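Structural features, examined
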Amino acid sequence: MIRRHRLALIWALVVCVLIGHNAYLWLGKRIVPDTDILALLPVQKRDPVLQQSFTHMVESAQQRVVVLVGATDWNDAQRAADAYSTILAQHKELLQATQLNDQTQADWLTKFQQHRLVLMTSSQEAQLQRQPAAFWVDAAKAKLYSPFGGPKLGAWRDDPFGLFSDWIQERAQETPVRPRDGHLFVADAQKQYVLLPLTLTAPAFSMSAQETVMPLLSQAADAARKAVPTAEVVTSGVVLHAAAASEQAHSEMSTIGVGSLIGIILLTWLTFRSIKPIVLIFLSIGIGCLGSLSICWILFERVHLLTLVFGASLIGVAQDYGIYFLCNRLHADPSIDSRTLLKRLMPGLSLTLLAAVIGYMGLALTPFPGLRQMALFSALGLIFAWLTVVFWFPALIGRQTLKQGRLVHTYGNALRRWPRLRMRSKSTWVGILFFIVLSVLGCLRLGVNDDIRLLQNPPKHLIDDQIKLGKLLDAPTPVQFFLIRGDDTEAVLQREEALKKRLDPLIADHKITGYQALSNWVPSAQTQTVRRALVEQKLLNSGGPLELLAAQIGEDRSWIDETRAHLLSASAPLTMDEFLKTPASEPWRHLWIGQTEGVTASIVALRGLNYADLASMQQAANGLPGVQWVDKVNEISSVLGLYRKYMGWVVFGAYIVVFALLFARYRGNTWRVLAPTAAASIAALALLGFGGQNIQLFHVLALMLLLGVGVDYGIFMQEHPGRRNATPWLAVGLSAANTILSFGLLGLSKTPALQAFGLTMLLGIALVWLIVPCFGKDVDDSAQHEAV
């Protein structure tokens, strides 16, 4: 007795520590739920350079916020954009805008002018090899005398043949955005837009950043519409999607949590007609949540928001142990002490906990960091709730007799009329055959969809804005690109140039609209050397175009020598290090990975990619050393598919493990414990098939958890066999009803993955509840009385 009191006191100290730690976390705002959906994805360890390239692209995009402010009239678009910018200018600590002025453009060109002789387009290089001297003389004279000879980038003498100016024009074609009246300008057939590139100073997945930035963007948009009522504001950025996911998760967490709590309160009251059982059940659930949150924070130092959403459904599972104890206390002889009753119930209670933890730990076998955290959170919650029941419930209840509500009698009587499986009965075999046929037909109708995009379902207006902005800016996607590797920078640039020769025909075939590559800006040293030699041989040679030009415009020999020397002074090779230090490189720096894992790497991004032509992109990379096509969406979706199959085998293995675990106690009746859950799992899949559902990883993960939860009901019924013993049937009913409510609400989630998980659990638990009495073993009344 003293030992039991001591254990209860020790547990009280543990609970006090948990309360103090949670107060420390929440009151000190140390718990900032992680909203990064990428945290749920498997970590790619087979190819660290590939993983780094993807992370590099994503990180470069996640701090950007792109805003388009448009109107049919350019002046209106400017006024609306200025009103928008005025609001943001007051909060530069949150969002920094890109400034555009004449000095910015001058700085942009300075470095390139120092290397202008070796910077030319591929078509110009081809023309140098083919065209006669007269072609270049005419081109130079047209540039000298025509007022429409293209942009004037310095003196005519700096670039008499227009090689550098044409190269600059080609670089400008990499984006439809143009400077205009001190703004960045882009337009479609209906409206003209001011582009406002913004940089977020705080991490995009920080909830505090989301809470401050979103109202600011909304306020700025209101100011733009107030200045010009017809103005259109298009906004895109990772922070918007993160904020939407955060808001959705908070809403679902509240709905699931509050709904589960209300359900438990109502059902517990109808069963016991007393406040005390409700308080005890909530006590066990509360301590379970406190313990799981504390330990997860210690181990991970952050908790993903979806872990909290998933954890809210834990309420429907953690109450099983308290309900089982209270239902047995309800029907026990008043002379039996609660500690004696607990001792009788311990084998069943221990097996239910172990089976449930095995179910949750099955989730931890996946390579998904987010799922491992969810699994640990839930398993710890069950353990802490179970320990609370074991250490405190006997002391808090003692010999107290609990009241019975009318629900107990009505529901208990239903067990006597429930059908049972009898192997010698024809109706049993007809039912089994009917079940097999329907299950096979339903499962054959199941489709498969492992698309990674099912992990998140952004609001429609965000998707529409992103699509429109992508079309207007002709922006590349950060999840599909070419990864280029080489021993050094020169090797990488040469391999980029080889790839571009294969991509140019795809542009002509309208499979892509263009590409972004650093070799567009910094040709390989080999290419620059060839181009310098070509200029000297074709343009600056004795009797060549430069001398012919001088004769036609009336210049002497000294002018020829001075001009040749002047042009050659700007022929030094441009290096990657020099380029990356210039203002012009800022939009393209994310394409350079640099030295990593013993190699040098870069990225070639595609514009206007048609998803129907992805196979052509793979073909473009085939046979090119160091060039790899990366389709991260398809790659991760394939990984999800592999792990869906893998987890299917894990579920099968878990049944074998649980069977071996239970066999020591139930022997020949072990199949009666597991069969209801197995049959319910098959039936749930069949129903999903009849409903036209596509199966994915999260359906299979739900089957793993269904094993851990559903086997509890089989244990409850086998611990107290017989039609007249309503105690286990009542525990199964209360537990299943609350679990159905929890996961049924999870099935209403707008996140497809959580919805799939919740719907599978909803169907599975409901079916286990209906099936489990059928597998009960009848005992005679005297034996049943002995068991009770």
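Residues numbered from 1 in each chain as written. Predicted model: local features only at pLDDT ≥ 70, side-chain atom pairs only at ≥ 80, totals over all residues. Heavy atoms only, no water.

Here we come to the overall build of the protein. Each helix and strand in the protein was counted, giving 30 helices and 13 strands. In summary, the protein has a C-alpha radius of gyration of 35 Å against a globular reference of 28 Å for 788 residues, an excess of more than 25%. When the 788 residues of the protein are sorted by exposure, 53% land in the buried category. By sequence separation, contacts in the protein at least 24 residues apart represent 82% of the contacts at least 6 residues apart. Accessible surface, the protein: about 34700 Å² in total, of which carbon and sulfur atoms supply 60%. For the protein, the distance from the average position of its 69 positive side-chain charges to the average position of its 59 negative side-chain charges is 16 Å. (Helix = DSSP H or I, 4+ residues; strand = E, 2+ residues; numbered from the N terminus. Rg over C-alpha atoms; globule rule 2.2 N^0.38 Å. Buried < 20%, exposed > 50% of the residue type's maximum accessible area, 1.4 Å probe, protein only. Contact = heavy atoms within 4.5 Å. Areas by Shrake-Rupley, 256 points an atom, 1.4 Å probe, with all protein chains shown as cover. Lys, Arg positive; Asp, Glu negative; His and termini not counted. Charge placed at Lys NZ, Arg CZ, Asp CG, Glu CD.)

If you check helix α26 (residues 670-690), its first and last C-alpha atoms are 31 Å apart, about what 21 residues at 1.5 Å a residue would give, namely 30 Å. Across the 21 residues that make up α26, a large majority, 16, are buried. In the segment just after α26, Gly-692 is the residue with positive phi, at about 75°. (Expected span 1.5 Å × (residues − 1).)

Here the focus is empty space enclosed by the protein. Summed over the entire model, instances satisfying the criterion amount to six cavities of 30 Å³ or more. Considering the residues around the largest cavity, the lining is formed by Arg-116, Leu-117, Asp-158, Asp-159, Pro-160, Phe-161, Leu-163, Phe-164, Val-535, Leu-539 and Leu-567. Considering only residue class, the lining of the largest cavity consists of eight nonpolar, no polar and three charged. (1 Å grid on protein atoms, 1.4 Å probe; cavity = no way out; pocket = protein on both sides within 12 Å on 5 of 7 lines; lining within 4 Å. Points joined across faces, edges and corners; volume = space filled by probe spheres on them. Nonpolar A, V, L, I, M, F, W, Y, C, P; charged D, E, K, R; others polar.)

The element strand β1 (residues 64-71) is largely enclosed, with a buried count of seven among its eight residues. Of the strand pairs in this sheet, β1 and strand β5 (residues 192-200) are connected by eight bridges, and their pairing is antiparallel. Across the sheet, residue Val-65 finds its bridge partner in β5, namely Leu-198. In this sheet, strand β6 (residues 232-237) lies alongside β1 in antiparallel orientation, the contact comprising six bridges. Within β6, the position partnered with Val-67 by the bridge is Thr-235. (Pairing = 2+ DSSP bridges.)

Counted under the stated rule, the structure contains zero disulfides. A disulfide-free cysteine, Cys-443 has its sulfur positioned 19 Å from the sulfur of Cys-774, the nearest such atom. (Disulfide = S-S within 2.5 Å.)

This next bit is on helix α10 (residues 275-300). For α10, spanning 26 residues, the distance from its first C-alpha to its last is 37 Å, which sits close to the expected 38 Å at 1.5 Å a residue. Sitting at the amino-terminal end of α10 is Ser-274, which places a side-chain oxygen 3.3 Å from the backbone nitrogen of Lys-276. With its phi angle positive at about 65°, Glu-301 sits one or two positions after the end of α10. (Polar contact = N/O pair within 3.5 Å; in protein donor to acceptor, adjacent residues only side chain to side chain.)

Moving on to the nonpolar core. In this structure, Phe-325, Leu-662, Phe-698, Tyr-713, Phe-757 and Met-761 are the most contacted members of the largest nonpolar core, which totals 103 residues. Examining the composition of this core, we find that 16 residues originate from one element, helix α27 (residues 697-719), more than from any other. Every residue in contact with Leu-662, bar those within four places of it in the chain, is listed here: Leu-351, Arg-667, Thr-670, Val-673, Leu-674, Val-711 and Ile-715. Counting residues in hydrophobic clusters, the runner-up holds 45 residues, among them Val-49, Val-522, Trp-592 and Leu-624. (Core = buried A, V, L, I, M, F, W, Y, C linked by side-chain atoms within 4.5 Å.)

For the rest of this paragraph, the subject is the packing of helix α28 (residues 726-746) against helix α29 (residues 752-771). The N-to-C vectors of α28 and α29 enclose an angle of 160°; their axes lie 8 Å apart at closest approach. Here α29 runs roughly antiparallel to α28, going by the angle between their axes. Handedness of the crossing formed by α28 with α29: left-handed. Across the interface between the two elements, Trp-729, Val-732, Gly-733, Ala-736, Ala-737, Thr-739, Ile-740, Phe-743, Gly-744 and Leu-746 of α28 pack against Leu-754, Gln-755, Phe-757, Gly-758, Leu-759, Met-761, Leu-762, Ile-765, Ala-766 and Trp-769 of α29. Considered class by class, the residues forming the contact of α28 with α29 number 15 nonpolar, five polar and no charged. (Axes fitted to C-alpha atoms, helices over the stretch in contact; angles between N-to-C directions. Parallel < 35°, antiparallel > 145°, perpendicular 65-115°, else oblique. Left-handed = near helix turned anticlockwise from the far one by under 90°.)

So, on to a nonpolar patch on the surface. On the surface, Leu-433, Phe-434, Val-437, Leu-438, Leu-441, Leu-687 and Phe-690 cluster together into a nonpolar patch covering about 640 Å² of accessible area. Of all elements in the fold, only α17 (426-444) and α26 reach the threshold of two or more residues within the nonpolar patch. If you tally residues by element for the nonpolar patch, the top one is α17, at five residues. Mapped onto the elements, Phe-434 comes out in helix α17. Here Phe-434 falls in the exposed class, since its relative accessible area comes to 53%. (Patch = residues over 30% accessible without salt bridge, like charges linked within 9 Å, V, L, I, M, F, W, Y side chains within 5 Å. Salt bridge = Lys/Arg side-chain N within 4 Å of Asp/Glu carboxyl O.)

Glancing now at the environment of Tyr-515. Tracing the sequence through the fold places Tyr-515 in strand β9 (residues 514-516). The spatial distance from the C-alpha of Tyr-515 to the C-alpha of Asp-222 is 36 Å, given a sequence separation of 293 residues. The contacts of Tyr-515, once residues within four sequence positions are left out, are Glu-174, Lys-500, Leu-503, Asp-504, Ile-507, Asn-520, Val-604, Ala-605, Leu-606 and Arg-607. Here the side chain of Tyr-515 touches Asp-504 through a polar contact of 2.8 Å, side chain to side chain.

Our focus in this paragraph is the packing of helix α25 (residues 632-666) against α26. Closest axis-to-axis distance for the α25/α26 pair is 8 Å, and the angle between their directions is 150°. Considered as vectors, α25 and α26 are oriented roughly antiparallel to each other. Of the residues in α26, those touching α25 at Tyr-655, Val-658, Phe-659, Leu-662, Phe-663 and Tyr-666 are Thr-670, Trp-671, Val-673, Leu-674, Thr-677, Ala-678 and Ser-681. In the contact of α25 with α26, the residues fall into ten nonpolar, three polar and no charged.

What follows is about the pattern of salt bridges. Considering all chains together, one arrives at 19 salt bridges under this definition. Here Asp-474 ties to Arg-607 by a salt bridge, and the two come within 2.9 Å at their closest N and O atoms. Pair noted here: Asp-474 is in the loop between α18 (460-473) and β8 (480-486) and Arg-607 is in strand β11 (residues 599-607), with a separation of 133 residues, a long-range link. For the pair Asp-474 and Arg-607, one class covers both residues: buried. Note that Glu-635 and Lys-632 form a salt bridge whose closest N and O atoms lie 3.5 Å from each other. Placement of both Glu-635 and Lys-632 in helix α25 is noted, with a separation of three residues, approximately one turn of the helix. Note on accessibility: Glu-635 and Lys-632 belong to one class, buried. In the salt-bridge network here, residues are joined through shared partners; they are Glu-547, Arg-557, Asp-561 and Arg-564.

This brings us to unusual backbone geometry. One non-glycine residue, Asp-474, lies in positive phi territory at about 50°. Residue classification places Asp-474 among the buried residues on the basis of a relative accessible area of 18%. Although it is not a glycine, Glu-597 adopts a positive phi angle of roughly 50°. Topologically, Glu-597 is positioned in the loop between β10 (592-596) and β11. A relative accessible area of 57% means that Glu-597 is categorised as exposed.

Under the criterion given, the structure shown has 19 aromatic pairs. Ring geometry for Trp-671 and Phe-775: centres 5.9 Å apart, planes at 75°, overall edge-to-face. Separated by 104 residues along the polypeptide, Trp-671 in helix α26 and Phe-775 in the loop between α29 and α30 (781-787) bring together distant segments of the chain. What makes Trp-671 partly exposed here is its relative accessible area of 35%. Take Phe-775: its relative accessible area is 10%, and that puts it in the buried class. In this structure an aromatic cluster arises from ring pairing among Phe-112, Phe-164, Trp-167, Trp-521, Phe-579 and Trp-588. (Phe/Tyr/Trp six-rings, centres within 6.5 Å; stacked < 30°, edge-to-face > 60°.)

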